[in-house]
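Here is what each chain is made of, one letter per residue.
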Amino acid sequence: VQALNQIYTNNPGKTPMEFHKDNQQLLSTLPIHLVWGDADNVTPVTGSVGQFYTALANDADSNVSLNMIHSGHIPFDEIPECNEFMVQWLD
């Protein structure tokens, strides 16, 4: 319901950086894996969110990992084979 409210009221909510800052203790205990499209025009890897997660993935002490693939914003729809990255990560 909150997500729909944000869509209809044009309220994007917290940025990922704000969310991580506000939930630092919890998120430091959860593994996070991202599959990111290098041609994503909605949330480009070169933008602030992409740079944030790339930095976390490159930090050896972080619990964040990242697979970069050649796709756009929704790699799981564009290249279903990329689901294998998530399966490998879950194993």
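Residues numbered from 1 in each chain as written. Predicted model: local features only at pLDDT ≥ 70, side-chain atom pairs only at ≥ 80, totals over all residues. Heavy atoms only, no water.

**Some points on the nonpolar core**
Short version of the rule: Nonpolar cores were defined as sets of buried Ala, Val, Leu, Ile, Met, Phe, Trp, Tyr and Cys residues, with membership established by side-chain atoms within 4.5 Å. Exposure is judged per residue with a 1.4 Å probe applied to protein chains only, and the accessible area is read against the type maximum: over 50% gives exposed, under 20% gives buried, and values in between give partly exposed. A helix here means a DSSP run of H or I that spans at least four residues, while a strand means a run of E at least two residues long, and both kinds are numbered starting from the N terminus. In this analysis, two residues are considered to be in contact whenever any of their non-hydrogen atoms come within 4.5 Å of each other.
In terms of nonpolar packing, the biggest core is built from eight residues, these being L27, I32, L34, W36, V45, V49, Y53 and V64. When residues of this core are traced back to their parent elements, those giving at least two are β1 (32-37) and α4 (48-58). Residues within four places of L34 in sequence aside, it is in contact with Y53, V64, S65, L66 and N67.

**Things to note about the packing of aromatic side chains**
As a reminder, the rule being used: Aromatic pairs are defined between Phe, Tyr and Trp rings, using the six-membered ring for Trp, whenever the two ring centres lie within 6.5 Å; interplanar angles under 30 degrees are classed as stacked, those over 60 as edge-to-face, and all others as tilted.
Inspection of every chain in the model, using the stated rule, returns two aromatic pairs. Taking the centre distance of 6.2 Å and the plane angle of 50 degrees together, the rings of W36 and Y53 count as tilted. Within this pair, whereas W36 is found in strand β1, its partner Y53 is found in helix α4, the two being separated by 17 residues in sequence. When its relative accessible area of 9% is taken as the criterion, W36 is described as buried. An aromatic cluster is built from W36, F52 and Y53, whose rings are joined through pairwise contacts.

**Remarks on the pattern of salt bridges**
To keep it simple, the criterion reads: Any Lys or Arg side-chain nitrogen located within 4 Å of an Asp or Glu carboxyl oxygen qualifies as a salt bridge.
What the rule picks out here adds up to one salt bridge. Where D22 meets K14, a salt bridge forms, and the shortest distance between an N and an O atom there is 2.6 Å. A relative accessible area of 47% places D22 in the partly exposed class.

**Concerning the environment of T43**
Summarising the element assignment, T43 is placed in the loop between β1 and α4. Separated by 42 residues in sequence, T43 and F85 place their C-alpha atoms 20 Å apart. Apart from the residues lying within four places of it in its own chain, the contact partners of T43 are W36, V49 and H73.

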